[in-house]
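Examination of the molecular architecture
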Amino acid sequence: MGTAKGKDGKSTTDSGKYARYTTEQVTILERIYSDCPKPSTSRRQQLIKEYPILANIGQKQLKVWFQNKRCREKQRKETSRLLTWNSKLNAMNQILLEENERLHKEAAQLNTENQYLRQQLQVQRADLNQRSSQQVCYVTVPRASSSGEFLWSVT
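The helix and strand inventory of the protein chain stands at three helices and four strands. Starting at the N terminus, the α and β elements of the protein chain follow one another as β-β-α-α-α-β-β. The burial tally for the protein chain puts 10% of its 155 residues in the buried class. Carbon and sulfur atoms provide 54% of the accessible area of the protein chain, an area that totals close to 13,200 Å².

Residues W85, L89 and M92 make up a contiguous nonpolar surface patch of roughly 330 Å² in combined accessible area. By secondary structure assignment, the location of W85 is in helix α3 (residues 59-134). Residue W85 is classed as partly exposed on the basis of its relative accessible area of 45%.

Core analysis: the largest hydrophobic core is formed by eleven residues, namely I28, L29, I32, Y33, L47, I48, L54, I57, L62, W65 and F66. At the level of secondary structure, the elements contributing two or more residues to this core comprise α1 (23-35), α2 (41-50) and α3. Tallying contributions element by element places α1 first for this core, with four residues.

Moving on, we come to the pattern of salt bridges. One pass over the structure, following the stated rule, counts eight salt bridges. When the shortest N-O distance is used, the salt bridge between R102 and E106 registers 2.9 Å. Here R102 and its partner E106 are both found in helix α3, four residues apart, which amounts to about one turn of the helix. Classification of E106 by relative accessible area gives partly exposed; the value is 34%.

Attention now moves to α2. Those residues of α2 lying buried are R44, L47 and I48. Along the axis of α2, the buried residues cluster in a sector spanning 100 degrees; they form a single face. Along its buried surface, α2 packs onto α1 and α3.

Conventions we followed
Residues numbered from 1 in each chain as written. Predicted model: local features only at pLDDT ≥ 70, side-chain atom pairs only at ≥ 80, totals over all residues. Heavy atoms only, no water. Helix = DSSP H or I, 4+ residues; strand = E, 2+ residues; numbered from the N terminus. Buried < 20%, exposed > 50% of the residue type's maximum accessible area, 1.4 Å probe, protein only. Areas by Shrake-Rupley, 256 points an atom, 1.4 Å probe, with all protein chains shown as cover. Patch = residues over 30% accessible without salt bridge, like charges linked within 9 Å, V, L, I, M, F, W, Y side chains within 5 Å. Salt bridge = Lys/Arg side-chain N within 4 Å of Asp/Glu carboxyl O. Core = buried A, V, L, I, M, F, W, Y, C linked by side-chain atoms within 4.5 Å. Arc of directions from axis to C-beta. Contact = heavy atoms within 4.5 Å.

The quantities given are spatial measurements derived from coordinates; they are silent on function.
Below is the structure:
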């Protein structure tokens, strides 16, 4: 990797402003992270001394690597949590959709039954009206006789 001058005149690597770590460096950093996700300044200095492979990484770069690692870990946990909720909500949504479909069918069936019963009621009312108009009603009415007594007669 060669170096080039950046906009501010400082040297940067060819790959840009991002530091690239070797597989061995990442393995060591991951192991250290699992023991201590937030090492202090003195601990980072100690790590550089303990692991010569980390010697070409500056203290600030180590600090940033641990910050980024914590951020990625937090994002992974949040993503996992959201995926779990998403899965649960999708399952609940499916249940609600099925229940909604069942209720729509039931409502349609009840509506059909209601229409049928209304028609039956209209038929029975019409039949009742027809029968009542055909029947003769006899009423007993009191009439006065020549002697002044009331007589009951059917009309």
